[in-house]
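# Architecture at a glance
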Amino acid sequence: MLTMCALLLTGLLTACGTQQPQGTESAAETEGMAETQPAEQTEAGAQETVTGQNTDPQTALGEMEALLGMQDEETADLLGGGEENWTEDKSFYIGRHYEVEMGGTVYQVHTSCDDAKIVNSVSVWLSDGERSVPQEEVDQWVQILNEFTGTEPVYDETTSEAGSKNWKWMADGNIITLNWLDTIFTISMNPAVGELK
């Protein structure tokens, strides 16, 4: 009789120990949910960050080149909006600063104007001295500019006295120059003047 009671009691305790109240999860299930939920949120956040970042360099370069010859005030809202650039004492107006996204990377773009506030130069800073620029990146931009202008550079890898390498394209009445000196890597756009036209 005692043995029978002991067996019944053991069975009841075992059954009660394995049941969980409705609406609760085991610690392992809760941990699993905690791990998957942030991962899903992170993935969604990354998608939001990536959206709109892959601006085609050809399109962006075309928009920048179009600034040449424009009245400065007409360029204020272009390229996502520009910020006025004055000398430190505010005595001379230089042009505007922009941030332009190409291929998922944001670059600093600067215009300069003549005395009539007409844009006569556009500079794109692909690297401003904070990192070393590898040859592969340079080659990539040479190819991008070849495609953009539809021409080959007028001179290629000509080393200046300062040690920089320069590539120059002439197309549509403008001169586009790619300059590379280790950590400084820029694109300059200017109207061709005089005999360079």
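Only a predicted model underlies this, so the values are computations on that prediction, with no experimental measurement involved.

Attention now goes to the confidence of the model for the chain. Low pLDDT marks regions whose predicted coordinates should not be analysed in detail. The predicted model of the chain averages 76 in pLDDT, with 67% of residues at 70 or higher. When mean pLDDT is compared element by element in the chain, strand β8 (residues 184–191) scores highest at 97, while helix α2 (residues 27–50) scores lowest at 36. Contacts from residues 1–54, a stretch scored under 50 in pLDDT, to residues over four places away or in other chains number 11 contacts.

This next bit is on the environment of Ile187. Mapped onto the secondary structure, Ile187 falls in strand β8. For the pair Ile187 and Asn166, spaced 21 residues apart in sequence, the C-alpha to C-alpha distance is 9.8 Å. Residues within four places of Ile187 in sequence aside, it is in contact with Leu61, Val122, Ser123, Val124, Leu126, Trp141, Leu145, Ile176, Thr177 and Leu178.

Formed by 33 residues in total, the largest nonpolar core has its most connected members in Leu61, Met64, Met102, Leu126, Trp141, Leu178 and Ile187. Elements with a minimum of two residues in this core: α3 (57–65), β2 (93–102), β3 (105–113), β4 (119–128), α4 (135–149), β6 (165–171), β7 (174–181) and β8. By residue number, the principal contributor to this core is α4, which donates 6 residues. Once residues lying within four places of it in the same chain are set aside, the contact partners of Met64 are Leu79, Val100, Met102, Val109, Val122, Val124 and Met189.

The rules behind these values
Residues numbered from 1 in each chain as written. Predicted model: local features only at pLDDT ≥ 70, side-chain atom pairs only at ≥ 80, totals over all residues. Heavy atoms only, no water. pLDDT = per-residue confidence, 0-100. Helix = DSSP H or I, 4+ residues; strand = E, 2+ residues; numbered from the N terminus. Contact = heavy atoms within 4.5 Å. Core = buried A, V, L, I, M, F, W, Y, C linked by side-chain atoms within 4.5 Å. Buried < 20%, exposed > 50% of the residue type's maximum accessible area, 1.4 Å probe, protein only.

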